[in-house]
Each structure stands twice: as structure tokens, then as C-alpha cells.
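# Notes for the structure review
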Amino acid sequence: MIIGTFGPHYENKEAFEMSVIEINNLTKYYGKARGIKDVSFNVEEGEIFGFIGPNGAGKSTTIRTLLSLIYPSSGSAKIFGKDCINEGQEIRQHIGYLPSEVFYYDNMKVIDLLKYSASFYPNVNKKRIFELAEIMDLDLNKKIDDLSYGNKKKVGIVQGLLHSPKLIILDEPTSGLDPLMQQKFFDLIHEENKKGATILFSSHILSEVQKLCTRVGIIKEGKIVKVEDINTLKSANYKKFKIEMKEAVSTDYFDFAGINDLTVEETTVSFIYSGDINKIIEKVYERKINNLIVEEPTLEEIFMHYYQKEA
Amino acid sequence: MNIYIQELKMSVSSAIYWTIGMLSTMLLFMLMFPAISTDAVIMQQIVSKFPPEFTKALGLTTLDLSVVTGFYGFLFMYILLIGSVFAMKSGISVLSEEVRAKTADFLVAKPVTRTAIVTAKLMSVLTNILSQNIIYIIGAFIVANLVADHSFDQGIFLLINISLLFVQLFFVAFGLFLSVVIKKIKTVLPIALGTVFGFFVLQMLNQSLADAKLAYITPFAYYDVSQIIETSGYDLGYLAVNWILIIVFTSLTYFIFNKKDMPSV
């Protein structure tokens, strides 16, 4: 096996011989309630894969299946080419996992919890605990039940990284962290990635995925809507228009193919457009306008469009 | 090994408190023994005035309170009760505490098998229970020998006491089984108390009705002290049932816990 020998650059993906995560038609029902349905995607070695979708879409269900915390109703998943269920113990040697909600044994001190966590992995460099705690500004001698939510999250981060895992799975990692800490955390993740770690990063906040990830999988209502390169996604020619007309126009004036999220309020028209920009210019030219703003839409707005389109 | 040690660290203080509880209950009763044994005739008269169902239910008809093993047999019922609640509580909580404290995502995501988790946790409970038994039995021997006015059969006394361990093991196994079957356990002690007292009431009914079939469904009936005194041994039928149940419930625990989805928070 050649884990860790490739650089983190996703551009080289053709060179990869094996996906770190392979998910095939993974389906999970909780009784009759839908968890996820026919989820399939791969995460390649060395990439930072963003897993994005609204709350309740099935992100945690997918992640918890990968860790065999729960068992799939059908379908399968492989990590490092090994089956998640049958070879789960071996696989988990090389995974660092940060759950979306962090809870630890209350009566323990932070350092004891981290040492306990380290005791599950062979050859953990104990220095790494102190390094990570230093970076994340975490007081190791406090009792866990005295910690704030954000500080518990830091314990989770250190706990997930202390054994230098080859695959880091982060489920909504930034909630509870202040912006400064988020930045430190992102730097840390980047560093781990440079050292060769593959990262699966789940989030419902698009800007952070935008900052960090090379590819994204979009999940909605338990199904994968799209897996796309983050650059393709950003470079898709979406433009956000805000036009103030001289006189009020009817709603259907701008209602044609390529227009999304159209709102018309008297003289103010706004929409997201992808297509030939001249069509808009023609339309605008026919009527006189007071003001015209053309912006890059945020990923959030592009995703909203995805969600609506696929619904 | 790390899970085992972690478990012990978290449970040792509770085990100590319960052991102290058992020792002091035993001591309190035994201190009354000299008084009761000297007035044994009066005691028997008082007891005989109670309704027979009542005395049977308490096990007073078959035990001779004027000798130390008989008197100990009477109080031992209450030691069994305390020990069983502790065993049941330990059995129920040891696996479910991960779910209750929401730490299952931490532990199960580590490179350990579910089987290894159950084994480590079961071993920690067994360590507590065994140490508790050893300490308690030593205490019981010391106290019994101090208050006894005549010498008594130490072998029989040991047999009576060892039945505590067997009954506790039943409740550990039963507690483990319940903990993997019940969806969400919010508090442990009410379930432990309820179950143990349920079995205790069955035992009182059993003693009162003397129904051989009823006796099989409550572990409190498996080791009848008056029978142990009489035969210097256990009833092998009940002993077998006891161990079969321990093995069945423990195996089911392994099986179900391996297949179970860890509830998300």
C-alpha cells in the first residue's frame, strides 16, 4: 500500500491508484425513517473533500456508517480498500474522527482524556498532544465538565489528530469555535493535508468549505445531488444581478432560461443568471435603468440554486 | 486493557460505598444476635404468633434463629438484596453509560471491536464484584466468629456466602442484557431497584406458596439457606439453571451489542 506517499494536490488525481473512501449505493433506514439513500462517491487520496448539505440531509449518517457506529441497510463502503464493517478495527487505526457533538467523560481532566484516547493507537508521540493543545490554546489541566462548548470542541480536535491519522473525518467541526480558532483550525487541517492526510469535511456552512476543500459532494434529503470540483463550481458562469429599472416591469419580463431566484419588487429586479450575458444586456437596453449591479454569487447562492433545481 | 482500567477508575468509588453498605448492614444485624439467641425461646413464640404466610415469606419457619448460621441465613436475604441491586446497576450501566454520557461516538470510533468493548467492560464489573465478595466474606467471617457463642460449621457458612456471588452474576448478566435491549436508558438505579425488588417479591411469594416451578424464575430462590445448612451443599438443579441463565444473557449481550446501531446524539 502506498498511503501517504502522494502529495495533497488534487490535480494529480489520475496518478492515484486507490480511493481512500469508496462508497457504493449506501442506504440507511432508521426503521422506516430515511437516513440516506443510494449514496455513492469516492474520496481520493490527499484531497480535502467537502461534504455539504443542510441539517438532516444525511451527512452524519454517512459518516457514522463509515466508522461502523451504525450499520447500513444496504450498500457498502470501503476505506483504504477495506470493508468498513468487516475490517473496521484495522481501518479505524488510521482514522481521526471529530463528531459533530462532542461529549466526554465529565470527571476526567483534559489531559487524562487525551491520554486515554492516545492509548487506543500504537506508537503515539505524546509530544503531539502538547503541540496540538498549544496550537489550539487548550488548558490540559481543566476538568472536562468545566469546559465551555467551544473548548470541548478543541478537545475533540486534539483527540482526533493526536495519532496523525491518514484519514481525518470532521463532522461540522467549526461550530462553537470563534473566528480566530477557526482560522487556527483550518491552518492545522491544511498542515495535516500537506503531510499526506486525506480529509472528509462535513459542513452546512459553504464559505468554510469554499476556503478549504478541493472537491465537494452535495447531499440533500439523503441523496447525493452532485459531486463537483470546487473550481468548476465557482467558475460556472453564475452572475448575480441587481437592477433598478426606471419604471416597474412585470415579473415575466426577465423570466427566461438561465434565470434563477428571480424577485421583482416594483422597480427592483434581482436574480442569478448563467448563460449568454448579452441576453440580459439586450433586455436591459430595451428599458431604461437607474442602476445595475453585477456580482459573483456566493457559493451559498449557487447551492441554493442546486437544491431548488434538483428538488 | 485501557478500557478496562478506565472503567475501573470510574466505578471503584461506587463499588467501595456499596461494599461498606453491605458490611455495615451485616454488622448491624449480627450485633443483635447475642440478644436474640439468648432469648431464642421468646423470639420463637413471637414468631409463631405471626400469620404463617408471613413467617414463611420471610423465611422464618425453616431457619433456627438461635444458632449463628440460622440467624445469618435470615439476615443474608438483605445482603443478597443490596448486592443484587449493585450488580444489576453495574450490569445495566456499564455499556449504556456510553450512550447516556453520549461518549459512544468517541469509544466505538476507536480501533477496537465491539466484542473487545463488551469484554473489557464485563471484566471491570467482574473485578468489582469479585473484590466486593472477597472483602465482604472476610468481614462476615470475622463478625460471625466474634458474635458466635458456640462454634459453627465454617464450610456451610462459606457456602452460604458464596451464593451471593452467583446471584450477583445473574444480575450482572441480566442487567447487561437489558442495557442492550432497551432503546434509551435515562436513569439506571430505578430500573435496577425495580427489577431486583420484583424478583424479591417473587421469592417471598415462592416461600409462602412453596411452589417448585415459581422458584425457577427468581434467582433468590436458587440458594435456600436452610437447605444449604441441611445438606451442606447447593441444589444442583438450581445451580445449573443459574449458570445457564448467566451464560445465555451474557452471550445475547455480545451478540446484540455487535449488531446494534449506536444512537446519535
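Residues numbered from 1 in each chain as written. Chains lettered and ligands numbered in written order. Predicted model: local features only at pLDDT ≥ 70, side-chain atom pairs only at ≥ 80, totals over all residues.

### Focus: the overall build of chain A
- Helix and strand counts for chain A stand at 10 helices and 14 strands.
- Considered along the principal axes of its C-alpha atoms, chain A spans approximately 70 × 40 × 40 Å.
- Sorting the 311 residues of chain A into buried and exposed places 37% on the buried side.
- Long-range pairs, those at least 24 residues apart, make up 70% of the contacts in chain A between residues at least 6 apart in sequence. (Helix = DSSP H or I, 4+ residues; strand = E, 2+ residues; numbered from the N terminus. Buried ≥ 20, exposed ≤ 12 C-beta atoms within 10 Å, placed from the backbone. Contact = placed C-beta atoms within 7 Å.)

### Focus on the overall build of chain B
- Helix and strand counts for chain B come out as 11 helices and zero strands.
- The secondary structure elements of chain B, listed N-terminal to C-terminal, are α-α-α-α-α-α-α-α-α-α-α.
- Over its C-alpha trace chain B gives a radius of gyration of 20 Å, about what one expects of a compact globule, namely 18 Å for 265 residues.
- Here chain B, with 265 residues, has 38% of them falling under the buried criterion.
- Pairs at least 24 apart in sequence give 81% of the contacts found in chain B among residues at least 6 apart. (Rg over C-alpha atoms; globule rule 2.2 N^0.38 Å.)

### Re the environment of Pro-263 of chain B
All names here are of chain B.
- Relative to the helices and strands, Pro-263 is located in the segment after α11 (236-259).
- Assessed through the 14 C-beta atoms surrounding it within 10 Å, Pro-263 is described here as partly exposed.
- Residues Pro-263 and Lys-184 lie 79 residues apart in sequence; the distance between their C-alpha atoms is 8.8 Å.

### As for the packing of helix α4 (residues 68-100) of chain B against helix α8 (residues 189-209) of chain B
All names here are of chain B.
- Direction vectors running N to C along α4 and α8 enclose 135°, while the axes themselves pass 9 Å from each other. Considering their axes alone, α4 and α8 lie oblique with respect to each other. The hand of the α4/α8 crossing is right-handed. On the side of α4, the interface is formed by Leu-81, Ser-84, Val-85, Met-88, Lys-89 and Ile-92, while α8 contributes Leu-189, Ile-191, Ala-192, Leu-193, Thr-195, Val-196 and Phe-200.
- Residues of the contact of α4 with α8, tallied by class, amount to 10 nonpolar, two polar and one charged. (Axes fitted to C-alpha atoms, helices over the stretch in contact; angles between N-to-C directions. Parallel < 35°, antiparallel > 145°, perpendicular 65-115°, else oblique. Left-handed = near helix turned anticlockwise from the far one by under 90°. Nonpolar A, V, L, I, M, F, W, Y, C, P; charged D, E, K, R; others polar.)

### Points about the packing of helix α3 (residues 110-118) of chain A against helix α5 (residues 149-161) of chain A
All names here are of chain A.
- Their axes nearest at 9 Å, the elements α3 and α5 cross at an angle of 30°. With respect to their mutual orientation, α3 and α5 come out roughly parallel. Here the hand of the crossing between α3 and α5 comes out right-handed. Within the contact between the two elements, α3 uses Val-110, Leu-113, Leu-114 and Ser-117 and α5 uses Val-155, Val-158 and Gln-159.

### Quick notes on the interface of chain A and chain B
- On the side of chain B, 18 residues touch chain A, which itself brings 19 residues to the contact.
- Listing elements by their share of the side of chain A that touches chain B, those giving two or more residues are α1 (59-66) and α2 (88-92) of chain A.
- Residue composition of the side of chain A that touches chain B, grouped by class: 12 nonpolar, four polar and three charged.

### A short note on the sheet that holds strand β9 (residues 215-220) of chain A
Residue and element names in this part refer to chain A.
- Read from one edge to the other, the open sheet built from six strands follows the order β6-β7-β8-β3-β9-β10, with strand pairing classed as mixed. At either end of the open sheet lies a strand with only one pairing partner, and these are β6 (95-98) and β10 (223-229). Each strand axis lies, on average, 15° off the axis of its neighbour in the sheet, ignoring direction.
- Note that β9 and β10 share six bridges and pair antiparallel. Within β10, the position partnered with Ile-219 by the bridge is Ile-224.
- Where α5 meets the sheet, its contacts fall on β6 and β7 (167-171), and the angle it forms with β6 comes to roughly 170°. (Pairing = 2+ DSSP bridges.)

### Overview of the nonpolar core
- Core analysis: the biggest nonpolar cluster contains 129 residues, and Ile-79, Val-158, Ile-169, Ile-199, Leu-200 and Phe-201 of chain A have the highest contact counts within it.
- It is α4 of chain B that contributes the most residues to this core, 15 residues altogether.
- Of all hydrophobic cores here, the second largest spans six residues; its members include Phe-241, Ile-243, Phe-254 and Val-269 of chain A. (Core = buried A, V, L, I, M, F, W, Y, C linked by C-beta atoms within 7 Å.)

### Looking at the pairing of strand β4 (residues 74-79) of chain A
Residue and element names in this part refer to chain A.
- Here strand β1 (residues 19-30) pairs with β4 via five bridges, running antiparallel. The partner of Asn-24 across the bridge, within β4, is Ser-76.
- Bridge analysis of β4 against strand β5 (residues 82-83) gives two bridges, and the strand direction is antiparallel. Note that in β5 the partner of Ile-79 across the bridge is Lys-82.

### Regarding the pairing of strand β12 (residues 259-265) of chain A
All names here are of chain A.
- Relative to strand β13 (residues 268-274), β12 is paired through five bridges, and the arrangement is antiparallel. The residue of β13 that forms the bridge with Ile-259 is Tyr-273.
- Linkage of β12 to β13, two consecutive antiparallel strands, is achieved through a turn of two residues, within which Glu-266 is found at a positive phi near 55°.

### Re the confidence of the model for chain B
- On average, residues of chain B score 91 in pLDDT, and 100% of them are at 70 or above.
- Listed scores for the predicted complex are pTM 0.84 and ipTM 0.86. (pLDDT = per-residue confidence, 0-100.)

### Topic: the environment of Gln-183 of chain A
All names here are of chain A.
- Tracing the chain through its elements places Gln-183 in helix α6 (residues 179-194).
- According to the C-beta neighbour criterion, Gln-183 is exposed, with 12 such atoms within 10 Å.
- C-alpha separation for the pair Gln-183 and Glu-208, spaced 25 residues apart in sequence, amounts to 9.9 Å.

### What to know about the confidence of the model for chain A
- Counting all residues, the mean pLDDT for chain A is 86, and 90% of those residues have values of 70 or more.
- Here residues 1-16 of chain A is a poorly scored stretch, pLDDT under 50, and it has 25 contacts once near neighbours within four places are set aside; other chains count.

### A short note on the domain arrangement of chain A
- Each domain of chain A was delimited in the assignment, giving domain 1 (10-233) and domain 2 (236-310).
- For domain 1 of chain A and domain 2 of chain A, the distance between their C-alpha centres works out to 38 Å. (Domains from an automatic or database assignment.)

### Description of α6 of chain A
Residue and element names in this part refer to chain A.
- With 16 residues, α6 extends 22 Å between its outermost C-alpha atoms, agreeing within 8% with the 22 Å of an ideal straight helix rising 1.5 Å per residue.
- Among the residues of α6, those classed as buried are Met-181, Phe-185, Ile-189, Glu-192 and Asn-193. Summarising the axial view, the buried residues of α6 lie within an arc of 120°, below the 170-degree limit, and thus occupy one face. Exposed side chains of α6 directed beyond 90 degrees from the buried face belong to Pro-179, Leu-180, Gln-183, Asp-187, Glu-191 and Lys-194.
- In this structure, the buried residues of α6 make contact with β3 (48-52), α5, β7, β8 (198-203) and α7 (206-212).
- Remark: Gly-196 follows α6 within two positions and exhibits a positive phi of approximately 120°. (Expected span 1.5 Å × (residues − 1). Arc of directions from axis to C-beta.)

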